[in-house]
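Breakdown of the fold
Spelled out from the first residue to the last, the chains are:
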Amino acid sequence: QALLRAEAVAAERATAFLNAARALAEPIAEGLELLGPAPAPMERHTAGALPPHFADRLGWREMAEFVALHCAALDPAERPTAAVLVRNYGEAGALEYFARELDLPEVLCPHNNYFLWAEPGDNVAVLLAYGYRREALEQYYGSVEGVGRFTHPYVMPYENEEQIYVCWEPNLPVGEIWGMVKVF
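Residues numbered from 1 in each chain as written. Predicted model: local features only at pLDDT ≥ 70, side-chain atom pairs only at ≥ 80, totals over all residues. Heavy atoms only, no water.

1. Observations concerning a nonpolar patch on the surface
Taken together, the side chains of L116, W117 and F184 present a nonpolar region at the surface, about 430 Å² in accessible area. By the element assignment, F184 lies in the segment after α7 (174-180). (Patch = residues over 30% accessible without salt bridge, like charges linked within 9 Å, V, L, I, M, F, W, Y side chains within 5 Å. Areas by Shrake-Rupley, 256 points an atom, 1.4 Å probe, with all protein chains shown as cover. Salt bridge = Lys/Arg side-chain N within 4 Å of Asp/Glu carboxyl O. Helix = DSSP H or I, 4+ residues; strand = E, 2+ residues; numbered from the N terminus.)

Now the structure itself:
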């Protein structure tokens, strides 16, 4: 069997491409069962100004600089006990990539293997949480303050208009909180 799949901004474009590919493959696919066409969107979120495969390449430096700006605004006494929490491996990877250049603290991410790679120590007293809802953070922290909102015209919509919060006074040791927030 052979399965033909394609992604396009409009489903009809993917279907047209797949029908043309199937027509080309049929003469040489003797003995194979061709399945499809089967348009397969790789991104299940709403697309923005750009298709996902382009939008996912943009805005990472700007997001890292935005987070670094708010890290730098912390009281100098808080910096050694600060960490940044993000929702997904793309955000975490971008922050890790620019961490040295932008002087970012430890990056934490509960998404997939990032959850296993960077378990927070119990010395984390201040958390800068990017992309989370205030209500979710207030379950674990006594004090949560919104300090900024990241915007970029070309990133994926779910990565845009994201709030950053500074969280103090964890209700539990941070290591215990970590065990409750994994996403995989």
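2. Considerations on unusual backbone geometry
Although it is not a glycine, N112 sits at a positive phi angle of roughly 50 degrees. Topologically, N112 is positioned in the loop between β4 (106-108) and α5 (114-117). Of note in the backbone geometry, E169 takes a positive phi value of approximately 60 degrees without being a glycine. Mapped onto the fold, E169 is located in strand β7 (residues 162-170). When its relative accessible area of 53% is taken as the criterion, E169 is described as exposed. (Buried < 20%, exposed > 50% of the residue type's maximum accessible area, 1.4 Å probe, protein only.)

3. So, the environment of P153
Inspection of the secondary structure assignment puts P153 in the loop between β6 (141-150) and β7. We classify P153 as exposed; its relative accessible area is 58%. Spatially, the C-alpha atom of P153 lies 9.5 Å from that of L58, the residues being 95 residues apart in sequence.

4. Quick notes on the pattern of salt bridges
Taken as a whole, this structure holds eight salt bridges when the rule is applied. Across the salt bridge formed by E101 and R61, the nearest N and O atoms sit 3.1 Å from each other. Taken together, the residues E101 in helix α4 (residues 89-102) and R61 in helix α3 (residues 60-72) connect sequence positions 40 residues apart. Across the pair E159 and R87 runs a salt bridge whose closest N-O atoms are separated by 4.0 Å. In this pair, E159 sits in the loop between β6 and β7 while R87 sits in the loop between β3 (82-85) and α4, placing the two residues 72 residues apart along the sequence. When its relative accessible area of 8% is taken as the criterion, E159 is described as buried. Residues participating in the shared-partner salt-bridge network are R87, E91, E159 and E162.

5. As for α4
Along its 14 residues, α4 runs 19 Å from first to last C-alpha, staying within 8% of the 20 Å computed at 1.5 Å per residue. E96 marks the point of greatest bend in α4, at about 30 degrees. All buried positions along α4 are accounted for by E91, A92, A94, L95, F98 and A99. Here α4 starts with a cap whose side-chain oxygen sits 3.0 Å from the backbone nitrogen of G90, and that cap is N88. (Expected span 1.5 Å × (residues − 1). Bend = angle between axes of the 7 residues up to and from the residue. Polar contact = N/O pair within 3.5 Å; in protein donor to acceptor, adjacent residues only side chain to side chain.)

6. Side note on the sheet that holds β7
Reading across the sheet, the five strands line up as β4-β3-β5-β7-β6 and stay open at both edges, with mixed pairing between neighbours. Looking along the sheet, the strands with just one partner apiece sit at the ends: β4 and β6. Here the strands of the sheet are splayed against their neighbours by 25 degrees on average, with no regard to which way each runs. Inspection of the sheet shows strand β5 (residues 126-130) paired to β7 by four bridges, in the antiparallel sense. By the bridge assignment for β7, A129 is matched with Y165. Here α3 sits on the sheet and contacts β3, β5, β6 and β7; the angle it forms with β6, its principal contact strand, is near 135 degrees. (Pairing = 2+ DSSP bridges. Axes fitted to C-alpha atoms, helices over the stretch in contact; angles between N-to-C directions. Contact = heavy atoms within 4.5 Å.)

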